[in-house]
Amino acid sequence: MAGRPPVKDWSTDFDHLDPAWVADPFPIWDEMRKTCPIAHTERFNGVYFASRYADVRAVAYDTEHFSSRRVVVRETPPPRIPAPPITSDPPEHRAARMVLLPPFTADAIKKLEPRARALCNELIDSFVGRGGCDAAVEYAQEIPTRLIAHMMDLPEGDGDLYRKWIHEILEVGITDQRVLMQAVGDMTRYFAAAVEQRKQQPGDDLISYLLHARFNGEPMTSDNVLGCLRLLLIAGIDTTWSGIGSSIWHLARTPQDRRRLVAEPGLVPIAVEELLRAYAPVTMAREVVKQTSINGCTFEPGQMVLLSFPAACRDPEVFPNAEKVVIDRKENRHAAFGLGIHRCVGSNLARMELMVAVEELVKRIPEFCLDGEVTWSEGTVRGPRKLPLRFH
Amino acid sequence: MPNPKTLRVRVDANKCQGHNRCKAVAPELFELDEYGNARASGDGRVPPGQEEMASLAKSNCPEFAVEVIEE
Ligand code: HEM
Ligand code: SF4
(Lines give C-alpha, C1' and ligand atoms only; values in the text may rest on other atoms or scores of the structure.)
(Ligands and ions follow the chains in the order given, each with its own letter.)
Protein backbone atom coordinates (compact mmCIF):
# COMPACT_ATOMS: atom_id res chain seq x y z
CA MET A 1 0.00 0.00 0.00
CA ALA A 2 1.39 3.40 -0.91
CA GLY A 3 2.09 5.95 1.80
CA ARG A 4 2.29 3.66 4.83
CA PRO A 5 4.28 5.44 7.55
CA PRO A 6 7.75 3.89 7.75
CA VAL A 7 8.28 1.36 10.53
CA LYS A 8 10.25 2.85 13.43
CA ASP A 9 10.99 -0.37 15.24
CA TRP A 10 9.95 -3.94 14.45
CA SER A 11 9.26 -4.83 18.10
CA THR A 12 6.94 -1.96 18.92
CA ASP A 13 5.74 -0.63 15.57
CA PHE A 14 5.70 -3.57 13.14
CA ASP A 15 3.56 -3.51 10.00
CA HIS A 16 2.98 -6.77 8.16
CA LEU A 17 2.08 -4.80 5.02
CA ASP A 18 5.39 -2.89 5.02
CA PRO A 19 7.30 -3.47 1.75
CA ALA A 20 10.35 -4.88 3.59
CA TRP A 21 8.17 -7.42 5.39
CA VAL A 22 6.31 -8.37 2.20
CA ALA A 23 9.55 -8.84 0.23
CA ASP A 24 11.53 -10.81 2.85
CA PRO A 25 9.99 -11.28 6.30
CA PHE A 26 12.37 -13.99 7.52
CA PRO A 27 15.22 -11.82 8.90
CA ILE A 28 12.66 -9.65 10.69
CA TRP A 29 11.13 -12.67 12.41
CA ASP A 30 14.57 -14.10 13.30
CA GLU A 31 15.41 -10.82 15.01
CA MET A 32 12.04 -10.68 16.80
CA ARG A 33 12.48 -14.21 18.12
CA LYS A 34 15.73 -13.13 19.76
CA THR A 35 14.78 -9.71 21.07
CA CYS A 36 11.02 -9.63 21.49
CA PRO A 37 9.26 -12.94 20.86
CA ILE A 38 5.83 -11.38 21.27
CA ALA A 39 5.83 -8.03 19.52
CA HIS A 40 3.06 -5.45 19.51
CA THR A 41 2.07 -2.61 17.21
CA GLU A 42 -0.40 0.23 17.63
CA ARG A 43 -1.18 0.00 13.94
CA PHE A 44 -4.44 -1.68 12.83
CA ASN A 45 -5.97 -0.76 16.22
CA GLY A 46 -3.49 -2.93 18.07
CA VAL A 47 -1.96 -6.25 17.01
CA TYR A 48 0.36 -8.77 18.67
CA PHE A 49 2.78 -10.96 16.73
CA ALA A 50 4.24 -14.19 18.11
CA SER A 51 7.32 -15.48 16.31
CA ARG A 52 8.20 -18.58 18.35
CA TYR A 53 6.66 -21.97 17.63
CA ALA A 54 5.72 -22.54 21.27
CA ASP A 55 3.85 -19.24 21.52
CA VAL A 56 2.04 -19.65 18.20
CA ARG A 57 0.98 -23.07 19.37
CA ALA A 58 -0.19 -21.75 22.72
CA VAL A 59 -2.40 -19.14 21.01
CA ALA A 60 -3.80 -21.62 18.48
CA TYR A 61 -4.70 -24.07 21.26
CA ASP A 62 -6.29 -21.49 23.52
CA THR A 63 -9.73 -20.95 21.99
CA GLU A 64 -11.06 -19.57 25.26
CA HIS A 65 -9.00 -16.36 25.14
CA PHE A 66 -8.34 -16.19 21.39
CA SER A 67 -11.40 -16.29 19.15
CA SER A 68 -11.63 -17.08 15.44
CA ARG A 69 -14.54 -14.70 14.94
CA ARG A 70 -12.03 -12.36 13.28
CA VAL A 71 -9.27 -14.14 11.38
CA VAL A 72 -7.91 -11.29 9.26
CA VAL A 73 -6.17 -8.10 10.45
CA ARG A 74 -7.49 -5.08 8.58
CA GLU A 75 -7.21 -1.32 8.84
CA THR A 76 -10.81 -1.10 10.08
CA PRO A 77 -12.89 -3.99 11.44
CA PRO A 78 -14.96 -5.31 8.50
CA PRO A 79 -18.60 -6.39 8.63
CA ARG A 80 -18.70 -9.87 10.11
CA ILE A 81 -19.45 -12.49 7.47
CA PRO A 82 -19.42 -15.80 9.35
CA ALA A 83 -17.84 -18.67 7.41
CA PRO A 84 -18.01 -21.75 9.65
CA PRO A 85 -15.86 -23.59 10.59
CA ILE A 86 -13.02 -21.13 9.98
CA THR A 87 -14.73 -18.28 11.87
CA SER A 88 -16.24 -20.53 14.59
CA ASP A 89 -15.11 -21.31 18.11
CA PRO A 90 -16.02 -24.31 20.26
CA PRO A 91 -18.56 -25.71 20.73
CA GLU A 92 -20.14 -24.66 17.39
CA HIS A 93 -16.95 -25.26 15.44
CA ARG A 94 -16.99 -29.03 15.60
CA ALA A 95 -20.22 -29.78 13.73
CA ALA A 96 -19.38 -27.41 10.90
CA ARG A 97 -15.96 -29.02 10.52
CA MET A 98 -17.19 -32.63 10.68
CA VAL A 99 -19.37 -32.03 7.62
CA LEU A 100 -16.37 -31.03 5.53
CA LEU A 101 -13.85 -33.66 6.60
CA PRO A 102 -14.99 -36.88 4.83
CA PRO A 103 -14.62 -35.65 1.23
CA PHE A 104 -11.10 -34.37 2.04
CA THR A 105 -9.50 -37.43 3.66
CA ALA A 106 -6.31 -38.75 2.11
CA ASP A 107 -8.16 -41.71 0.56
CA ALA A 108 -10.85 -39.50 -0.99
CA ILE A 109 -8.21 -37.17 -2.41
CA LYS A 110 -6.16 -40.03 -3.85
CA LYS A 111 -8.96 -40.56 -6.39
CA LEU A 112 -8.37 -37.08 -7.80
CA GLU A 113 -4.69 -37.63 -8.44
CA PRO A 114 -5.04 -38.83 -12.06
CA ARG A 115 -7.05 -35.73 -12.96
CA ALA A 116 -4.45 -33.52 -11.23
CA ARG A 117 -1.64 -35.16 -13.19
CA ALA A 118 -3.43 -34.79 -16.51
CA LEU A 119 -4.28 -31.19 -15.69
CA CYS A 120 -0.64 -30.30 -14.92
CA ASN A 121 0.43 -31.84 -18.20
CA GLU A 122 -2.22 -29.92 -20.16
CA LEU A 123 -0.90 -26.71 -18.64
CA ILE A 124 2.73 -27.64 -19.36
CA ASP A 125 1.79 -28.48 -22.97
CA SER A 126 0.48 -24.95 -23.38
CA PHE A 127 3.84 -23.28 -22.62
CA VAL A 128 6.64 -25.84 -22.96
CA GLY A 129 7.26 -24.96 -26.61
CA ARG A 130 7.74 -21.25 -25.82
CA GLY A 131 10.92 -21.76 -23.81
CA GLY A 132 9.52 -19.97 -20.78
CA CYS A 133 6.37 -19.06 -18.87
CA ASP A 134 5.00 -17.16 -15.91
CA ALA A 135 4.75 -20.12 -13.55
CA ALA A 136 2.54 -18.25 -11.06
CA VAL A 137 -0.04 -17.22 -13.65
CA GLU A 138 0.10 -20.04 -16.18
CA TYR A 139 0.71 -22.98 -13.86
CA ALA A 140 0.44 -22.52 -10.08
CA GLN A 141 -2.82 -20.56 -10.04
CA GLU A 142 -4.58 -22.78 -12.55
CA ILE A 143 -4.09 -26.05 -10.67
CA PRO A 144 -6.19 -25.45 -7.52
CA THR A 145 -8.87 -23.51 -9.41
CA ARG A 146 -9.44 -26.21 -11.99
CA LEU A 147 -9.25 -29.01 -9.48
CA ILE A 148 -11.79 -27.54 -7.08
CA ALA A 149 -14.11 -26.91 -10.05
CA HIS A 150 -13.59 -30.54 -11.02
CA MET A 151 -14.48 -31.69 -7.47
CA MET A 152 -17.65 -29.62 -7.60
CA ASP A 153 -18.40 -30.76 -11.17
CA LEU A 154 -18.42 -27.18 -12.42
CA PRO A 155 -16.76 -26.01 -15.64
CA GLU A 156 -12.98 -25.95 -15.09
CA GLY A 157 -12.89 -22.87 -17.31
CA ASP A 158 -14.81 -20.83 -14.70
CA GLY A 159 -11.51 -20.35 -12.86
CA ASP A 160 -11.14 -16.74 -14.00
CA LEU A 161 -14.45 -15.95 -12.37
CA TYR A 162 -13.37 -17.57 -9.07
CA ARG A 163 -10.15 -15.61 -8.96
CA LYS A 164 -12.00 -12.37 -9.69
CA TRP A 165 -14.33 -12.98 -6.74
CA ILE A 166 -11.50 -13.96 -4.43
CA HIS A 167 -9.52 -10.88 -5.40
CA GLU A 168 -12.58 -8.70 -4.76
CA ILE A 169 -13.36 -10.35 -1.42
CA LEU A 170 -9.86 -10.66 0.03
CA GLU A 171 -8.14 -7.60 -1.45
CA VAL A 172 -10.39 -4.87 -2.91
CA GLY A 173 -13.04 -5.68 -0.29
CA ILE A 174 -10.70 -4.61 2.52
CA THR A 175 -11.38 -0.98 1.68
CA ASP A 176 -14.46 -1.15 -0.56
CA GLN A 177 -17.43 -2.75 1.11
CA ARG A 178 -19.67 -2.39 -1.95
CA VAL A 179 -17.31 -4.49 -4.08
CA LEU A 180 -17.12 -7.04 -1.24
CA MET A 181 -20.89 -7.46 -0.98
CA GLN A 182 -21.31 -7.58 -4.77
CA ALA A 183 -18.72 -10.37 -5.09
CA VAL A 184 -20.25 -12.41 -2.24
CA GLY A 185 -23.66 -11.99 -3.92
CA ASP A 186 -22.40 -13.07 -7.35
CA MET A 187 -20.67 -16.07 -5.88
CA THR A 188 -23.76 -17.09 -3.94
CA ARG A 189 -25.97 -16.86 -7.04
CA TYR A 190 -23.49 -18.90 -9.04
CA PHE A 191 -23.47 -21.69 -6.44
CA ALA A 192 -27.24 -21.48 -5.87
CA ALA A 193 -27.83 -22.33 -9.54
CA ALA A 194 -25.51 -25.33 -9.25
CA VAL A 195 -27.23 -26.46 -6.03
CA GLU A 196 -30.66 -26.37 -7.74
CA GLN A 197 -29.29 -28.39 -10.63
CA ARG A 198 -27.76 -31.02 -8.28
CA LYS A 199 -31.03 -31.34 -6.40
CA GLN A 200 -32.65 -32.42 -9.69
CA GLN A 201 -29.73 -34.54 -10.82
CA PRO A 202 -27.48 -35.64 -7.97
CA GLY A 203 -24.02 -36.79 -8.97
CA ASP A 204 -20.78 -37.99 -7.49
CA ASP A 205 -19.50 -34.47 -6.77
CA LEU A 206 -18.81 -32.31 -3.72
CA ILE A 207 -22.01 -30.27 -4.07
CA SER A 208 -24.18 -33.39 -4.15
CA TYR A 209 -22.26 -34.74 -1.16
CA LEU A 210 -22.95 -31.58 0.86
CA LEU A 211 -26.64 -31.64 -0.07
CA HIS A 212 -26.92 -35.10 1.47
CA ALA A 213 -24.64 -34.48 4.43
CA ARG A 214 -25.98 -34.09 7.97
CA PHE A 215 -25.19 -31.20 10.25
CA ASN A 216 -25.80 -31.94 13.96
CA GLY A 217 -27.99 -34.83 12.80
CA GLU A 218 -30.17 -32.58 10.62
CA PRO A 219 -30.05 -32.30 6.83
CA MET A 220 -28.00 -29.33 5.66
CA THR A 221 -29.97 -26.23 4.71
CA SER A 222 -29.28 -24.60 1.34
CA ASP A 223 -27.67 -21.71 3.22
CA ASN A 224 -25.30 -24.08 5.00
CA VAL A 225 -24.35 -25.67 1.69
CA LEU A 226 -23.77 -22.30 0.03
CA GLY A 227 -21.63 -21.16 2.98
CA CYS A 228 -19.47 -24.29 2.73
CA LEU A 229 -19.01 -23.87 -1.01
CA ARG A 230 -17.98 -20.24 -0.64
CA LEU A 231 -15.48 -21.09 2.09
CA LEU A 232 -13.94 -23.99 0.17
CA LEU A 233 -13.46 -21.81 -2.87
CA ILE A 234 -11.91 -18.94 -0.91
CA ALA A 235 -9.74 -21.11 1.36
CA GLY A 236 -8.35 -23.44 -1.28
CA ILE A 237 -7.17 -21.32 -4.20
CA ASP A 238 -4.74 -18.53 -3.19
CA THR A 239 -3.24 -20.77 -0.55
CA THR A 240 -2.35 -23.68 -2.81
CA TRP A 241 -1.38 -21.37 -5.66
CA SER A 242 1.09 -19.72 -3.26
CA GLY A 243 2.48 -23.03 -2.02
CA ILE A 244 3.07 -24.29 -5.56
CA GLY A 245 4.54 -20.94 -6.63
CA SER A 246 6.99 -20.70 -3.72
CA SER A 247 8.13 -24.27 -4.33
CA ILE A 248 8.86 -23.57 -7.99
CA TRP A 249 10.57 -20.30 -7.04
CA HIS A 250 12.89 -22.22 -4.72
CA LEU A 251 13.64 -24.87 -7.34
CA ALA A 252 14.35 -22.23 -9.99
CA ARG A 253 17.02 -20.68 -7.72
CA THR A 254 18.44 -23.90 -6.32
CA PRO A 255 19.63 -26.19 -9.12
CA GLN A 256 21.08 -28.79 -6.76
CA ASP A 257 17.69 -29.36 -5.11
CA ARG A 258 15.90 -29.41 -8.46
CA ARG A 259 18.35 -31.93 -9.94
CA ARG A 260 18.00 -34.10 -6.89
CA LEU A 261 14.22 -34.26 -7.38
CA VAL A 262 14.67 -35.07 -11.06
CA ALA A 263 17.00 -37.93 -10.11
CA GLU A 264 14.96 -39.09 -7.09
CA PRO A 265 11.23 -38.50 -7.67
CA GLY A 266 10.60 -40.59 -4.55
CA LEU A 267 11.91 -37.67 -2.52
CA VAL A 268 9.15 -35.30 -3.71
CA PRO A 269 6.75 -35.93 -0.78
CA ILE A 270 9.48 -35.14 1.78
CA ALA A 271 10.65 -32.14 -0.25
CA VAL A 272 7.11 -30.76 -0.43
CA GLU A 273 6.82 -30.88 3.38
CA GLU A 274 10.07 -28.97 3.68
CA LEU A 275 8.99 -26.36 1.13
CA LEU A 276 5.71 -25.99 3.01
CA ARG A 277 7.70 -25.44 6.18
CA ALA A 278 10.17 -22.96 4.76
CA TYR A 279 7.60 -21.00 2.74
CA ALA A 280 4.42 -21.62 4.71
CA PRO A 281 1.86 -19.47 2.87
CA VAL A 282 -0.81 -18.77 5.48
CA THR A 283 -0.84 -16.35 8.44
CA MET A 284 -4.16 -16.34 10.28
CA ALA A 285 -5.30 -14.08 13.09
CA ARG A 286 -7.32 -14.28 16.29
CA GLU A 287 -9.22 -11.71 18.32
CA VAL A 288 -8.33 -11.52 22.02
CA VAL A 289 -11.65 -11.98 23.83
CA LYS A 290 -10.43 -12.33 27.44
CA GLN A 291 -7.31 -10.98 29.04
CA THR A 292 -4.55 -13.55 29.42
CA SER A 293 -0.78 -13.80 29.30
CA ILE A 294 1.63 -16.03 27.46
CA ASN A 295 5.39 -16.04 27.85
CA GLY A 296 5.24 -12.92 30.03
CA CYS A 297 3.16 -10.86 27.61
CA THR A 298 -0.33 -9.68 28.52
CA PHE A 299 -2.92 -9.82 25.76
CA GLU A 300 -5.66 -7.18 25.99
CA PRO A 301 -9.23 -7.94 24.87
CA GLY A 302 -10.34 -6.36 21.60
CA GLN A 303 -6.86 -6.46 20.09
CA MET A 304 -5.84 -8.88 17.36
CA VAL A 305 -3.04 -11.47 17.27
CA LEU A 306 -1.33 -12.42 14.06
CA LEU A 307 -0.98 -16.17 14.20
CA SER A 308 2.13 -16.60 12.11
CA PHE A 309 2.42 -20.25 11.20
CA PRO A 310 5.21 -19.20 8.80
CA ALA A 311 7.28 -17.69 11.64
CA ALA A 312 6.64 -20.75 13.84
CA CYS A 313 7.92 -22.94 11.01
CA ARG A 314 11.23 -21.04 11.05
CA ASP A 315 11.90 -21.34 14.79
CA PRO A 316 15.39 -22.83 15.27
CA GLU A 317 14.33 -24.25 18.64
CA VAL A 318 12.11 -26.74 16.81
CA PHE A 319 13.80 -26.99 13.41
CA PRO A 320 17.61 -27.29 13.28
CA ASN A 321 18.97 -25.08 10.48
CA ALA A 322 15.54 -23.51 10.31
CA GLU A 323 16.70 -20.81 7.90
CA LYS A 324 17.85 -23.40 5.35
CA VAL A 325 15.78 -25.49 2.99
CA VAL A 326 16.95 -29.02 3.77
CA ILE A 327 15.25 -30.80 0.91
CA ASP A 328 15.40 -34.23 2.59
CA ARG A 329 14.54 -33.08 6.13
CA LYS A 330 13.18 -36.16 7.88
CA GLU A 331 11.84 -34.74 11.13
CA ASN A 332 9.42 -32.01 10.26
CA ARG A 333 6.51 -31.15 12.55
CA HIS A 334 5.76 -28.04 10.54
CA ALA A 335 2.67 -25.99 11.16
CA ALA A 336 1.92 -24.75 7.63
CA PHE A 337 -1.60 -26.17 7.87
CA GLY A 338 -2.21 -24.76 11.31
CA LEU A 339 -2.24 -26.33 14.77
CA GLY A 340 -5.16 -27.48 16.87
CA ILE A 341 -8.85 -27.65 16.03
CA HIS A 342 -8.74 -25.53 12.86
CA ARG A 343 -6.15 -27.74 11.11
CA CYS A 344 -6.63 -27.12 7.39
CA VAL A 345 -9.50 -29.23 6.07
CA GLY A 346 -7.91 -29.16 2.62
CA SER A 347 -4.42 -30.25 3.67
CA ASN A 348 -4.57 -33.62 1.91
CA LEU A 349 -5.80 -31.97 -1.28
CA ALA A 350 -3.17 -29.23 -1.10
CA ARG A 351 -0.38 -31.73 -0.48
CA MET A 352 -1.45 -33.88 -3.40
CA GLU A 353 -1.61 -30.84 -5.70
CA LEU A 354 1.83 -29.67 -4.58
CA MET A 355 3.43 -33.06 -5.08
CA VAL A 356 1.89 -33.60 -8.49
CA ALA A 357 2.66 -30.04 -9.63
CA VAL A 358 6.34 -30.29 -8.65
CA GLU A 359 6.79 -33.84 -9.91
CA GLU A 360 5.26 -33.21 -13.34
CA LEU A 361 7.06 -29.90 -13.83
CA VAL A 362 10.55 -31.23 -13.11
CA LYS A 363 9.83 -34.34 -15.14
CA ARG A 364 8.85 -32.37 -18.23
CA ILE A 365 11.16 -29.36 -17.72
CA PRO A 366 14.17 -30.46 -15.65
CA GLU A 367 16.20 -27.28 -16.23
CA PHE A 368 14.78 -23.81 -15.60
CA CYS A 369 15.74 -20.55 -13.93
CA LEU A 370 14.20 -17.19 -13.00
CA ASP A 371 13.82 -14.76 -15.87
CA GLY A 372 12.77 -11.35 -14.56
CA GLU A 373 11.13 -9.74 -11.57
CA VAL A 374 9.21 -11.89 -9.07
CA THR A 375 6.41 -10.20 -7.11
CA TRP A 376 4.86 -11.42 -3.85
CA SER A 377 1.36 -11.10 -2.46
CA GLU A 378 0.90 -9.41 0.91
CA GLY A 379 -1.26 -10.10 3.92
CA THR A 380 -2.90 -13.38 4.91
CA VAL A 381 -1.50 -15.50 2.10
CA ARG A 382 2.08 -15.17 0.88
CA GLY A 383 3.32 -16.44 -2.46
CA PRO A 384 4.67 -15.32 -5.83
CA ARG A 385 2.14 -13.56 -8.06
CA LYS A 386 4.58 -13.10 -10.95
CA LEU A 387 7.14 -15.82 -11.50
CA PRO A 388 8.83 -15.57 -14.90
CA LEU A 389 10.86 -18.65 -15.82
CA ARG A 390 13.17 -19.52 -18.69
CA PHE A 391 13.68 -23.16 -19.69
CA HIS A 392 17.06 -24.51 -20.80
CA MET B 1 18.71 -62.62 28.59
CA PRO B 2 15.65 -60.38 28.87
CA ASN B 3 13.09 -60.60 26.08
CA PRO B 4 13.84 -58.32 23.15
CA LYS B 5 11.85 -55.16 23.75
CA THR B 6 8.56 -54.58 21.96
CA LEU B 7 7.63 -51.20 20.55
CA ARG B 8 4.07 -50.00 20.31
CA VAL B 9 2.64 -46.86 18.76
CA ARG B 10 -0.31 -45.08 20.26
CA VAL B 11 -2.33 -42.05 19.11
CA ASP B 12 -3.81 -39.70 21.69
CA ALA B 13 -7.28 -39.15 20.22
CA ASN B 14 -7.69 -35.93 22.18
CA LYS B 15 -4.67 -34.40 20.49
CA CYS B 16 -4.92 -35.84 16.95
CA GLN B 17 -6.28 -33.33 14.44
CA GLY B 18 -5.96 -35.51 11.37
CA HIS B 19 -2.83 -34.03 9.78
CA ASN B 20 -2.20 -37.47 8.26
CA ARG B 21 1.56 -37.25 8.71
CA CYS B 22 1.84 -40.46 10.73
CA LYS B 23 0.01 -42.46 8.07
CA ALA B 24 2.10 -40.89 5.31
CA VAL B 25 5.44 -41.85 6.88
CA ALA B 26 4.36 -45.20 8.38
CA PRO B 27 1.33 -46.45 6.40
CA GLU B 28 1.21 -49.87 8.04
CA LEU B 29 1.30 -48.62 11.59
CA PHE B 30 -1.74 -46.33 11.45
CA GLU B 31 -5.37 -46.37 10.34
CA LEU B 32 -7.65 -43.44 9.71
CA ASP B 33 -11.35 -43.03 10.42
CA GLU B 34 -13.82 -41.44 8.01
CA TYR B 35 -12.84 -37.96 9.26
CA GLY B 36 -9.14 -38.56 8.78
CA ASN B 37 -8.26 -38.97 12.46
CA ALA B 38 -5.66 -41.60 13.24
CA ARG B 39 -5.39 -44.62 15.50
CA ALA B 40 -2.75 -47.33 15.73
CA SER B 41 -3.33 -50.33 13.46
CA GLY B 42 -4.36 -53.43 15.44
CA ASP B 43 -2.69 -53.52 18.85
CA GLY B 44 -0.12 -50.93 17.82
CA ARG B 45 2.77 -53.34 17.87
CA VAL B 46 5.63 -52.22 15.61
CA PRO B 47 6.85 -55.12 13.44
CA PRO B 48 10.62 -55.66 13.33
CA GLY B 49 12.18 -53.36 10.76
CA GLN B 50 9.62 -50.56 11.21
CA GLU B 51 11.12 -49.00 14.33
CA GLU B 52 12.47 -46.04 12.42
CA MET B 53 9.11 -45.44 10.75
CA ALA B 54 7.46 -45.42 14.15
CA SER B 55 9.88 -42.84 15.42
CA LEU B 56 9.41 -40.71 12.28
CA ALA B 57 5.64 -40.83 12.78
CA LYS B 58 6.20 -39.44 16.25
CA SER B 59 8.59 -36.71 15.18
CA ASN B 60 6.43 -35.56 12.27
CA CYS B 61 3.12 -35.24 14.10
CA PRO B 62 2.42 -31.50 14.50
CA GLU B 63 0.10 -32.11 17.44
CA PHE B 64 2.48 -34.32 19.48
CA ALA B 65 -0.26 -36.96 19.38
CA VAL B 66 1.87 -40.01 18.51
CA GLU B 67 3.61 -41.91 21.27
CA VAL B 68 6.10 -44.74 20.87
CA ILE B 69 6.13 -46.96 23.93
CA GLU B 70 8.79 -49.50 24.82
CA GLU B 71 7.52 -52.57 26.61
C1 HEM C 1 -0.98 -25.03 0.61
C2 HEM C 1 -2.27 -24.81 0.73
C3 HEM C 1 -2.99 -24.47 2.00
C4 HEM C 1 -2.49 -23.94 3.17
C5 HEM C 1 -1.06 -23.55 3.49
C6 HEM C 1 -3.61 -23.83 4.09
C7 HEM C 1 -3.49 -23.36 5.38
C8 HEM C 1 -4.51 -23.34 6.30
C9 HEM C 1 -4.36 -22.94 7.68
C10 HEM C 1 -3.07 -22.46 8.33
C11 HEM C 1 -5.57 -23.09 8.28
C12 HEM C 1 -5.87 -22.84 9.76
C13 HEM C 1 -6.66 -21.61 9.97
C14 HEM C 1 -6.75 -21.20 11.43
O15 HEM C 1 -6.10 -21.75 12.31
O16 HEM C 1 -7.50 -20.24 11.67
C17 HEM C 1 -6.50 -23.56 7.27
C18 HEM C 1 -7.84 -23.81 7.49
C19 HEM C 1 -8.72 -24.24 6.50
N20 HEM C 1 -8.40 -24.58 5.19
FE21 HEM C 1 -6.56 -24.49 4.35
N22 HEM C 1 -4.75 -24.27 3.46
C23 HEM C 1 -4.41 -24.68 2.20
C24 HEM C 1 -5.26 -25.22 1.25
C25 HEM C 1 -6.60 -25.48 1.46
C26 HEM C 1 -7.48 -26.13 0.50
C27 HEM C 1 -7.06 -26.67 -0.85
C28 HEM C 1 -8.73 -26.14 1.06
C29 HEM C 1 -10.03 -26.70 0.53
C30 HEM C 1 -10.39 -26.80 -0.70
C31 HEM C 1 -8.63 -25.53 2.37
C32 HEM C 1 -9.68 -25.39 3.25
C33 HEM C 1 -9.57 -24.96 4.56
C34 HEM C 1 -10.68 -24.88 5.49
C35 HEM C 1 -12.14 -25.22 5.19
C36 HEM C 1 -10.16 -24.43 6.72
C37 HEM C 1 -10.92 -24.17 8.01
C38 HEM C 1 -10.80 -25.32 8.97
C39 HEM C 1 -11.40 -25.06 10.32
O40 HEM C 1 -11.55 -23.90 10.71
O41 HEM C 1 -11.73 -26.04 11.03
N42 HEM C 1 -7.33 -25.15 2.57
N43 HEM C 1 -5.82 -23.72 6.07
S1 SF4 D 1 0.12 -37.02 12.37
FE2 SF4 D 1 -0.69 -36.65 14.40
S3 SF4 D 1 -2.42 -35.33 14.15
FE4 SF4 D 1 -1.90 -36.19 12.21
S5 SF4 D 1 -3.21 -37.93 11.91
FE6 SF4 D 1 -1.32 -38.63 12.76
S7 SF4 D 1 -1.65 -38.57 14.94
FE8 SF4 D 1 -3.23 -37.36 14.07
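Scroll up to find the structure.
### Details of the overall build of chain B
In terms of regular secondary structure, chain B is built from 2 helices and 4 strands. Since a compact globule built from 71 residues should have a radius of gyration of about 11 Å, the 12 Å found for chain B is in line with a globular shape. Overall, chain B is about 45 × 20 × 20 Å in size when its C-alpha atoms are taken along their principal axes. When each of the 71 residues of chain B is scored for burial, the buried share is 44%. In chain B, the share of contacts with a sequence separation of at least 24, taken over all contacts with a separation of at least 6, comes to 58%. Looking at chain B as shown, the accessible area adds up to about 4,000 Å², and 50% of this sits on carbon and sulfur atoms.

### Digging into the sheet that holds strand 4 (residues 132-134) of chain A
Residues and elements named next belong to chain A. Spatial ordering of the open sheet is given by 4-14-11, a layout of 3 strands whose pairing is antiparallel. A single partner strand is all that each edge strand has here, and the edge strands are strand 4 and strand 11 (368-370). Each neighbouring strand pair of the sheet contributes to a mean axis angle of 25 degrees, computed without reference to strand direction.

### Overview of the coordination of the iron atom of ligand 1
Among protein atoms, the single one acting as a donor to the iron atom of ligand 1 is C344(A) (SG), 2.3 Å away. Residue position: C344(A) is located in the loop between helix 15 (309-312) and helix 16 (347-364).

### Considerations on the interface of chain A and chain B
Chain A puts 22 residues into the contact, and the matching count from chain B is 17 residues. At the boundary of chain A with chain B, total buried surface from both sides reaches about 1,800 Å², with 48% on carbon and sulfur atoms. Ranking the residues of chain A by area buried against chain B places K330(A), R333(A) and R343(A) at the top, with a combined share of 32%. Applying the counting criterion to the chain A and chain B interface returns 1 salt bridge. The shortest N-O distance in the salt bridge between E273(A) and R21(B) comes to 3.6 Å. The interface formed by chain A and chain B includes 10 residue pairs in polar contact (both at pLDDT 80 or more). Top element by residues in the side of chain A that touches chain B is helix 3 (residues 53-61) of chain A. It accounts for 3 residues.

The rules we used
Residues numbered from 1 in each chain as written. Chains lettered and ligands numbered in written order. Predicted model: local features only at pLDDT ≥ 70, side-chain atom pairs only at ≥ 80, totals over all residues. Heavy atoms only, no water. Helix = DSSP H or I, 4+ residues; strand = E, 2+ residues; numbered from the N terminus. Rg over C-alpha atoms; globule rule 2.2 N^0.38 Å. Buried < 20%, exposed > 50% of the residue type's maximum accessible area, 1.4 Å probe, protein only. Contact = heavy atoms within 4.5 Å. Areas by Shrake-Rupley, 256 points an atom, 1.4 Å probe, with all protein chains shown as cover. Pairing = 2+ DSSP bridges. Axes fitted to C-alpha atoms, helices over the stretch in contact; angles between N-to-C directions. Donors = N, O, S within 2.8 Å, 3.2 Å for Na, K, Ca; no water. Buried area = accessible area lost by both parts, 1.4 Å probe. Salt bridge = Lys/Arg side-chain N within 4 Å of Asp/Glu carboxyl O. Polar contact = N/O pair within 3.5 Å; in protein donor to acceptor, adjacent residues only side chain to side chain.

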